[in-house]
Amino acid sequence: TILLANVIVLVPMLLIGHAGTKHGIPFPVLLRSSFGTRGARIPALLRGLVACGWFGIQTWVGGAAIYAIVNVATGNAIQGTPL
């Protein structure tokens, strides 16, 4: 299931990335050719919103990993309440 989901997401990412690297333009500028200057704002904002959510998830997982590593290294010196 994860492999199939990654392949489904990979295809549009490769298509968007190829056009950007071939012509040297960022994603919002590439969107202007399809959606116009005003219409390109919505996909760009949605992409930014997804990036903010993904940053939050990575920060949460990274913080939990650092917490676990510090607890193991210090013999549970900062043991908190279980989640």
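Cut-offs used in this document
- Residues numbered from 1 in each chain as written.
- Predicted model: local features only at pLDDT ≥ 70, side-chain atom pairs only at ≥ 80, totals over all residues.
- Heavy atoms only, no water.
- Phe/Tyr/Trp six-rings, centres within 6.5 Å; stacked < 30°, edge-to-face > 60°.
- Lys NZ or Arg CZ within 6 Å of the ring centre and 35° of its normal.
- Patch = residues over 30% accessible without salt bridge, like charges linked within 9 Å, V, L, I, M, F, W, Y side chains within 5 Å.
- Areas by Shrake-Rupley, 256 points an atom, 1.4 Å probe, with all protein chains shown as cover.
- Salt bridge = Lys/Arg side-chain N within 4 Å of Asp/Glu carboxyl O.
- Helix = DSSP H or I, 4+ residues; strand = E, 2+ residues; numbered from the N terminus.
- Buried < 20%, exposed > 50% of the residue type's maximum accessible area, 1.4 Å probe, protein only.
- Expected span 1.5 Å × (residues − 1).
- Bend = angle between axes of the 7 residues up to and from the residue.

Peer 1: Please explain the packing of aromatic side chains as it appears in this structure.
Peer 2: In this description, a pair of aromatic rings is defined by centroid distance and the angle of the planes. Applying the stated rule across the entire model yields zero aromatic pairs. Here R47 stacks its cationic end above the ring of F27, 4.1 Å away from the centre of that ring.

Peer 1: What exactly am I supposed to notice about a nonpolar patch on the surface here?
Peer 2: A grouping of L3, V7, V11 and L15 is seen on the molecular surface, where their side chains present a nonpolar patch of about 410 Å² in accessible area. The topology assignment puts V11 in helix α1 (residues 2-23). Classification of V11 by relative accessible area gives partly exposed; the value is 45%.

Peer 1: Sorry, what's going on with the environment of A65 here?
Peer 2: Here A65 is to be found in helix α3 (residues 41-73). Note: C-alpha distance between A65 and F27 (38 residues apart in sequence) is 33 Å.

Peer 1: Any chance you could explain the side chain of N71 here in plain terms?
Peer 2: With respect to the helices and strands, N71 occurs in helix α3. You can call N71 buried: its relative accessible area is 5%.

Peer 1: Which parts of the structure should I look at to understand helix α2 (residues 27-39)?
Peer 2: At 3.6 residues per turn, the α-helix brings residues three or four places apart onto the same side. Its 13 residues place the ends of α2 only 13 Å apart at the C-alpha level, less than the 18 Å of an ideal helix rising 1.5 Å per residue. Residue S33 marks the point of greatest curvature in α2, where the axis turns by about 105°.

Peer 1: Would you explain unusual backbone geometry in this entry?
Peer 2: For residues other than glycine, phi is negative in most cases, and the peptide bonds are mostly trans. Despite not being glycine, N76 has its phi angle at roughly 60°, a positive value. Considering the arrangement of structural elements, one finds N76 in the segment after α3.

Spatial relationships are all this shows, so hold off on functional conclusions.
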